[in-house]
Every structure is written in C-alpha cells, then in structure tokens.
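# Coordinates in review
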Amino acid sequence: MDQENSKKIFVIGVGNLLLGDEGIGIHLIQAMKKERLPRYVELVDGGTAGIDLLYWLEEADYAIIVDCVEAGAEPGAIFRVPGDELLIKSKGQLISLHDINLSEVLLLATKMNKLPPTIIFGIQPEAIGYQTELSPTLQNTLPRLMQLIKKEILKIFA
C-alpha cells in the first residue's frame, strides 16, 4: 500500500498516571509499545498535555485519542466517538478530566483547520485517586481496548 508509506496514524493516549484510572490512555500507550504495529502508526504519550495536543493533531493524517471520560456509565465502558461528533455532543455528555477538555482542543483544531479525521475512545473510570495502577476493572478492559484500536487502525486503510 502506497498510502501506508505516506500517511501517519497517531494513537495519542492522554491522562495522569498518578490518578489511577485517569491514566488509562498512558497505560494503553505503554502496553501498545510492546506490540508489533505497522510503521505508519506512531504512539504518543500525551500525558496531561491539554492544548499541546494541537501539535500532534496537526502532524497526523489520522488520530486516535484515548482518554478517561465521565459519562455516568458502568466502569470499564468504552465509547467510540468520531471527533466531529464530539464537537456536536459537547454539552456535558462526555467530559475529559483535564484542565482543558478534549472537545475544546478539537474545536480549536477545527477552527485552525488542523483537525485530521479523529476517533476518540473514552473509557469510564472505576477509581480516580492517588495511585499509579489501574483499577481491576480497567486492567481487565485494557486488552479489549487495545483490540478495538488495532481494528480501527486496520479500518483506516481498508
């Protein structure tokens, strides 16, 4: 595939490793670094970057963002939301737990004409507090989340 040689998919995990389940995006990136991925996939530890996510978004041809979200669902629930839909739905249904929420970054990237096709995977936390490990529920969710992201990567060039 020639597309593979010229296109870049950024998988961006965001979160805070010191706050338990809030670090799910970073835990995902760490786990995916152990996997064999196509060379056109770049894994990014976005930490609590907030507005700095714009830098990665403008470098990407496609973006997959993984974050902890408060959606009032069962712990471990995974939400797949196209970035442009998150802009429409940003009335409090999915709320990033960072200072600048994800929908604000996406809106700014859109206004700057820098938003590539983007998919957000949001995961409902079970426990947020001062701990470096994920809750048992999110530890059990991590393999399924990785599988969903790998499928998403394959769909992009299908």
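Residues numbered from 1 in each chain as written. Predicted model: local features only at pLDDT ≥ 70, side-chain atom pairs only at ≥ 80, totals over all residues. Heavy atoms only, no water.

With that settled, the discussion passes to the pattern of salt bridges. Across all of its chains, the model carries five salt bridges by this definition. Of the charged contacts in the structure, one is a salt bridge between Glu-58 and Lys-114, with a shortest N-O distance of 3.3 Å. Here Lys-114 lies in the loop between helix 5 (102-111) and strand 6 (118-123) and Glu-58 lies in helix 3 (residues 53-59), a separation of 56 residues in the sequence. Among the residues examined, Glu-58 registers a relative accessible area of 37% and is labelled partly exposed. For Lys-114, a relative accessible area of 35% puts it in the partly exposed group. As a salt-bridge pair, Glu-152 and Arg-80 come within 2.8 Å of each other at their nearest N and O atoms. Of this pair, Glu-152 sits in helix 6 (residues 136-156) while Arg-80 is found in strand 4 (residues 78-82), placing the two residues 72 residues apart along the sequence. (Salt bridge = Lys/Arg side-chain N within 4 Å of Asp/Glu carboxyl O. Helix = DSSP H or I, 4+ residues; strand = E, 2+ residues; numbered from the N terminus. Buried < 20%, exposed > 50% of the residue type's maximum accessible area, 1.4 Å probe, protein only.)

Attention now goes to unusual backbone geometry. Among all residues save glycine, negative phi is the norm, and among peptide bonds the norm is trans. The phi dihedral of Asn-113 is positive, around 60 degrees, even though this residue is not glycine. By secondary structure assignment, the location of Asn-113 is in the loop between helix 5 and strand 6.

On to the nonpolar core. Formed by 26 residues in total, the largest nonpolar core has its most connected members in Val-11, Leu-28, Leu-145, Ile-149 and Ile-153. Those elements that provide at least two residues to this core are strand 1 (9-14), helix 2 (24-32), strand 2 (41-47), strand 3 (62-70), strand 6 and helix 6. Here this core gets six residues from one element, more than from any other, and that element is helix 6. The contact partners of Leu-145, leaving out residues within four places of it in the chain, are Ile-24, Leu-28, Val-66, Ile-78, Phe-121 and Ile-123. Counting residues in each nonpolar core, the second largest holds 17 residues, with Val-14, Ala-49, Ala-63 and Ile-120 among its members. (Core = buried A, V, L, I, M, F, W, Y, C linked by side-chain atoms within 4.5 Å. Contact = heavy atoms within 4.5 Å.)

Once that is clear, we can look at the environment of Glu-85. Among the secondary structure elements, Glu-85 is positioned in helix 4 (residues 83-88). The spacing of Glu-85 and Thr-118 is 33 residues in sequence and 9.9 Å in space, taken between C-alpha atoms.

Fair warning: the whole summary comes from geometry, so function is off the table for now.
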